[in-house]
Each structure stands twice: as structure tokens, then as C-alpha cells.
Amino acid sequence: MTALILDGKTLAASWEEQLTERVSALKNRSNGRTPILATILVGDDPASATYVKMKGNACRRVGMDSLAVEMPGSTSTEQLLAKIDELNNDPNVHGILLQHPVPEQIDERACFDAIALHKDVDGVTCLGFGRMAMGEDAYGCATPKGIMRILEHYKIDIEGKHAVVVGRSAILGKPMAMMLLEANATVTICHSRTKNLPDLIKQADILVGAVGKPEFIKAEWIKDGAVVVDAGYHPGGVGDIELAPLVDRVSAYTPVPGGVGPMTINTLIFQSVDSGEKAIA
Ligand SMILES: Nc1nc(=O)c2c([nH]1)NC[C@@H]1CN(c3ccc(C(=O)N[C@@H](CCC(=O)O)C(=O)O)cc3)C=[N+]21
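Residues numbered from 1 in each chain as written. Predicted model: local features only at pLDDT ≥ 70, side-chain atom pairs only at ≥ 80, totals over all residues. Heavy atoms only, no water.

Novice: Explain helix H6 (residues 142-153) to me, and be specific about the residues and the numbers.
Specialist: Helix length check: H6 (12 residues) gives 16 Å between terminal C-alpha atoms against 16 Å at 1.5 Å per residue, within 8%. The buried count for H6 comes to nine of 12 residues, which makes it a mostly enclosed element. What H6 keeps buried is the set Ala142, Thr143, Pro144, Gly146, Ile147, Met148, Arg149, Ile150 and Leu151. Elements in contact with the buried residues of H6: helix H1 (8-28), helix H7 (173-182), strand E7 (206-209), strand E8 (227-230) and helix H9 (260-280). Just downstream of H6 lies Lys155, where phi reads positive at about 55°. (Helix = DSSP H or I, 4+ residues; strand = E, 2+ residues; numbered from the N terminus. Expected span 1.5 Å × (residues − 1). Buried < 20%, exposed > 50% of the residue type's maximum accessible area, 1.4 Å probe, protein only. Contact = heavy atoms within 4.5 Å.)

Novice: Mind laying out unusual backbone geometry, listing which residues take part and the relevant values?
Specialist: Cis peptide bonds are those with omega within 30 degrees of zero, and the linkage from His100 to Pro101 qualifies with 0°. With respect to the helices and strands, Pro101 occurs in the loop between strand E4 (95-98) and helix H4 (108-114). A cis amide bond links Val256 with the next residue in sequence, Pro257, at an omega value of -5°. With respect to the helices and strands, the residue Pro257 is situated in the loop between strand E9 (252-253) and H9. Residues other than glycine seldom take positive phi values, yet Asn184 does so here, at roughly 70°. Its place among the elements puts Asn184 in the loop between H7 and strand E6 (186-190).

Novice: Outline the UniProt feature "binding site: NADP(+)" (unreviewed entry) in the protein, listing residues and values.
Specialist: UniProt records the feature "binding site: NADP(+)" (unreviewed entry) at Gly167, Arg168 and Ser169, using the numbering of this structure. Looking at where Gly167 falls in the secondary structure, it is placed in the loop between strand E5 (162-166) and H7. Apart from residues no more than four positions distant in its own chain, Gly167 is found in contact with Gly173, Ile189, Cys190, Ala210 and Val211. With respect to the secondary-structure elements, Ser169 resides in the loop between E5 and H7. Ignoring any residue separated from it by four or fewer positions in sequence, one finds Ser169 in contact with Lys174 and Pro175. (UniProt positions renumbered as here; feature names shortened; annotations may be inferred.)

Written out as C-alpha cells, the structure reads:
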């Protein structure tokens, strides 16, 4: 079996062309106004700095502006909340991305939840999560929503399938499970206390690796013909799943790099353009 490659990189590039046209049309009908995404980076973790820079670059590629807010590693919860409040009240800011993780003295959940719902283009608030889980209108959390968009694009059948999500983080595993449930999958969520992980993974028609540990999920645990989505990103270009031995026995898979990562950024930009259009014209 030759697996279908769920090519997030190419898909994101083609969707950027459409977003570029939307931003350009918005400019034309609003005296040159563009959507603006504010990115907040707290501290100086080099990997986080790189991701935030990639998000700013993606804004620029579609003709949007971004506002890069950088705060020191010693920032308090109160200081970060004050900054978020300022951005919530800034009519020129249409989306707010608070890069995860923040330094440990900060209450990250409180800061995520301080983001105004209509500016939560990264889908990190409890309110946005709850609305999404109930099937109400809300911006989706960027990584799982990016995964849903790529599965939809490639017409991967979800309804009635057994989807196994490995990981339960607030911005990946949990919202992923809820989105798959909304798409009528039968969903199992596995995590660090799960017993018989290989047995559960063996049952997956759709497997999402979202554990954050390099190649933690072994190829031999995965059944032939499964759809494999790897949301991991680790130095050396590996994900959470041991992918190499799978490429000719699964039905489809997301490569690392070039799979989920570019879709995450594209979804953030897509939702920022939507928010900008709603606010501007
Ligand atoms: N509030 C918040 N929202 C996020 O969406 C968020 C976050 N915090 N914190 C960190 C993770 C990580 N993340 C990535 C985005 C793109 C790539 C990406 O595009 N990766 C490229 C490779 C990039 C490289 O060269 O290293 C790829 O997979 O092809 C990776 C990782 C977003 N995250």
C-alpha cells in the first residue's frame, strides 16, 4: 500500500494564496486597513521565539500586519493580564496569540482566558473551547483545527471511525478529541496513566499523536491502513510517532516536518483574517 501523504506544507501554501486575495480585497474596501495579529512572547526560549517569528512571517506573506509583543521572563501574571487587556481594547488588533508555554510563575490559564472571545484566533480560551465542544460558533484551537482542516481537505472519512488521541493537553489533545467527536468519530483519549496503550492504539482507524515525546508511539502498535496524524515537533525533525516504518502500510499520514506544523500556522492566520474582516468591513 502506498500511503497518501497529508501534505500540510503544500496545502498551507495554496491556502495562503486565497488568504492573500481576501486581505487584498479587504484593503480595497477599507482604505488600506488590514487584519492585525498581536503575538505575545514571554521570556527568551529560542524555540518559542522561532515559532512566533514564523507566525509573524506568515502574516506578512498574506499582506496582514502583526504586532510582536515581547515581555521579559520575569513578567508577572498581573503584568501579562494588563497587556492582554490593552490588546483586547485596541481596535486595531483583531487577533491575539499568547505563545505557550509561559514562564512558570505566570498563571497561563488565567491569561489565556483573559483574551476576548472575538480575538481568540488561536482558540485557547475556556469559553471558545466550550462553545466548540458544544458545536457552537468559535475559533478552533489552531493545531487541532489545522488537523481537522487537513483531514477534511483530503476527504478522510471520520464519521463512525475509531479515533485515538494520545495526549490530553489543553491546546492539543483535549480540543482534538472534541473536534473529532463533533465530526462523529468514536473517540478514545489516551494519556500518561493509560494502561495497555499499545492495545488501544492498535484499534485506531485514525491516530493522533499529541504527547510531546519524540517517537514515543511505536510503529508496531499501529494497525495496517490507519490514518496517522503526528502533531509532535522535536529537534531533528521527528514527531511523536515512529513514522518511517509506517509509510507503506498505513493509508495516510502527516509527515514531520511539513504536515501539522504548517497547518497550525495557516489556521491561526485564517482565523485572524476572518476576525479582521468582521471588525473592519
Ligand atoms: N498559543 C500557542 N499556540 C500554538 O499554536 C503553539 C504554541 N502556543 N506553542 C508552541 C506550539 C508549536 N507550534 C508550532 C507551529 C508550527 C510549527 C511548524 O510550522 N513546523 C514546521 C517545521 C519548523 C521548523 O523548521 O522547525 C513543520 O512542521 O513543517 C511547529 C510548531 C505552535 N504552537
